[in-house]
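Survey of secondary and tertiary structure
So the chains spell out like this:
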Amino acid sequence: MKIWLDGGLQDGETARVSVFDHGLTVGDGVFETVKAMHGETFALTRHLDRLTRSARGLGLPDPDHDEIRRACAAVLDADPVPLGRLRITYTGGQGPLGSDRGDQGPTLVVALGGTSRRADSTAVVTVPWTRNERGAVTGLKTTSYAENVVALARAHEQGATEALFGNTVGRLCEGTGSNVFVVLDGEIHTPPLASGCLAGITRELTVEWTGAKETDLPLDVLERADEVFLTSTLRDVQAVHRVDSRELPGAPGPVTAKAMRVFAERAADDLDP
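Residues numbered from 1 in each chain as written. Predicted model: local features only at pLDDT ≥ 70, side-chain atom pairs only at ≥ 80, totals over all residues. Heavy atoms only, no water.

1. What to know about the overall build of the protein
This is how it is decided: Here a strand is any run of E in DSSP of at least two residues, a helix any run of H or I of at least four, and the numbering for each starts at the N terminus. C-alpha atoms define the radius of gyration, and 2.2 Å times the number of residues to the power 0.38 defines the globule rule. A simple rule labels every residue: compare its accessible area, found with a 1.4 Å probe on the protein chains alone, to the largest value its type can have, and call it buried under 20%, exposed over 50%, or partly exposed in between. The contact criterion used throughout is that any non-hydrogen atoms of two residues lie within 4.5 Å. Where accessible areas are quoted, they stem from the Shrake-Rupley method and a 1.4 Å probe; at the residue level, only the protein chains shown are allowed to cover.
Along the backbone of the protein there are six helices and 15 strands. For the protein, the C-alpha radius of gyration of 19 Å lies close to 19 Å, the compact-globule estimate for 273 residues. For the protein, the spread of C-alpha atoms along the three principal axes comes to 55 × 40 × 30 Å. When burial is assessed residue by residue, the protein has 50% of its 273 residues classed as buried. Partitioning the contacts of the protein with sequence separation of at least 6, the portion at a separation of at least 24 is 69%. Counting only carbon and sulfur atoms, one obtains 50% of the accessible surface of the protein, whose full area is about 12500 Å².

The following block contains the structure:
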């Protein structure tokens, strides 16, 4: 396994980031997960644009897209797995143990891991913790992911693969690593960015390709939605067959099934939409 670290390929077993890296000590970093298939990336341009937005939101220098593209190509060429998770991590670099940044510049890591195709449907749970729709890093894809780790562990304890959050005013927001959609009377809805959710790349494409509406939704919409589905880089569009104790028989339902089909067809036609 080869890792791109600060300018070149290194062996995965020996590649090392400083213990003083701000991404480790205080979570001062941003990242993207890109789907890779047989050495090709999907929607890389959109992912890089979001990486830049996240970096700017933290006050980090703009990442060099050309360097990252070279890094992705080099890592994929070294290990062109059939289906992979390509992780781009960009941190504040080495710094003091406190919150102040150092002056040595950012750290860039690109790594690849193999994965398997997701199931057509899954179970989710809601959790008692909230997303802060007005926080300093709301909408940024940062490496400060401990909240998601805790919530996802709760989901796994309950036989689910994802945990869903409401926000501080009781509106539906997002999952730990996914966006959520609901079907009401045949129409697809998803929370707006103002809810505090991440502007997911797959979410964005699903809205564009299916005509889904961005709608302010109460958290309890999950108790009455006709269909529920998730979107993310590695899930694409994935139906939900259980929310907490509520079963949604027949998942994927007809609207979700169509969204799954449309996404698969459009994605196959253009690897960088």
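There is more to say, and it comes next.
2. Concerning the nonpolar core
Applied cut-off: Throughout, nonpolar core names a set of buried Ala, Val, Leu, Ile, Met, Phe, Trp, Tyr and Cys residues whose side chains join them through atoms within 4.5 Å.
Of all hydrophobic cores here, the largest spans 24 residues; its most connected members are Leu 86, Ile 88 and Val 110. At the level of elements, β3 (29–37), α2 (44–58), α3 (65–78), β5 (84–91) and β6 (107–114) are the ones that each hand at least two residues to this core. The leading source of residues in this core is α3, at six residues. Every residue in contact with Ile 88, bar those within four places of it in the chain, is listed here: Val 30, Phe 31, Glu 32, Val 34, Leu 44, Leu 48, Leu 51, Ile 68, Cys 72, Leu 108, Val 109 and Val 110. With 17 residues, the next largest nonpolar core counts Phe 42, Ile 188, Ile 201 and Ala 267 among its residues.

3. Structural notes on the environment of Ala 264
When you line up the elements, Ala 264 lands in helix α6 (residues 254–269). Sequence-wise, Ala 264 and Asp 236 are 28 residues apart; in three dimensions their C-alpha atoms are separated by 8.1 Å.

4. Points about the sheet that holds β3
Operational definition: In short, DSSP must find at least two bridges between two strands for them to pair. Each axis is a line fitted through C-alpha atoms, and for a helix only the stretch in contact is used; angles between axes span 0 to 180 degrees, taken between their N-to-C directions.
Taken together, the six strands give an open sheet; going across it, the order is β2-β1-β6-β5-β3-β4, and neighbouring strands pair in antiparallel fashion. Because the sheet does not close on itself, it has two edges, and the strands there are β2 (8–11) and β4 (40–41). As paired strands, strand β1 (residues 2–5) and β6 are joined by two bridges and run antiparallel to one another. Its bridge partner being in β6, Leu 5 is matched across the sheet by Val 109. Helix-sheet contacts for α2 involve β3, β4 and β5, and the interaxial angle to β3 is about 170°.

5. Examining the packing of aromatic side chains
Operational definition: Ring pairs are drawn from Phe, Tyr and Trp, using the six-membered ring of Trp, whenever the two centres fall within 6.5 Å, and their geometry is named by plane angle: stacked under 30 degrees, edge-to-face over 60, tilted for the rest.
Taken as a whole and assessed by the stated rule, the structure comprises four aromatic pairs. For the ring pair Phe 31 and Tyr 145, a centre distance of 5.3 Å and an interplane angle of 80° mean the geometry is edge-to-face. Residue Phe 31 is located in strand β3, and its partner Tyr 145 is located in the loop between β7 (121–131) and α4 (146–157); the two are separated by 114 residues in the primary sequence. With relative accessibility at 4%, the residue Phe 31 sits in the buried group. With a relative accessible area of 28%, Tyr 145 lands in the partly exposed category. Note on Trp 209 and Phe 263: the rings are 5.2 Å apart at their centroids and 50° apart in plane angle, and the pair reads as tilted. Residue Trp 209 is located in helix α5 (residues 201–210), and its partner Phe 263 is located in helix α6; the two are separated by 54 residues in the primary sequence.

6. Describing the pairing of β2
The side chains of a regular strand alternate between both faces of the sheet. Of the strand pairs in this sheet, β1 and β2 are connected by four bridges, and their pairing is antiparallel. Paired with Leu 5 across the bridge in β2 is Gly 8.

7. Some words on the pairing of strand β13 (residues 227–232)
Burial analysis of β13 places six of its six residues in the buried class, which makes it a mostly covered element. Burial of β13 is two-sided: the residues Glu 227, Phe 229 and Thr 231 facing one way and the residues Val 228, Leu 230 and Ser 232 facing the other way are all buried. Bridging between strand β10 (residues 179–184) and β13 involves five bridges; their strand directions are antiparallel. In the strand pairing of β13, Val 183 is matched with Glu 227. One ladder, built from four bridges, connects β13 with strand β14 (residues 236–243); its direction is antiparallel.

Purely spatial values, then, with no claim about function.
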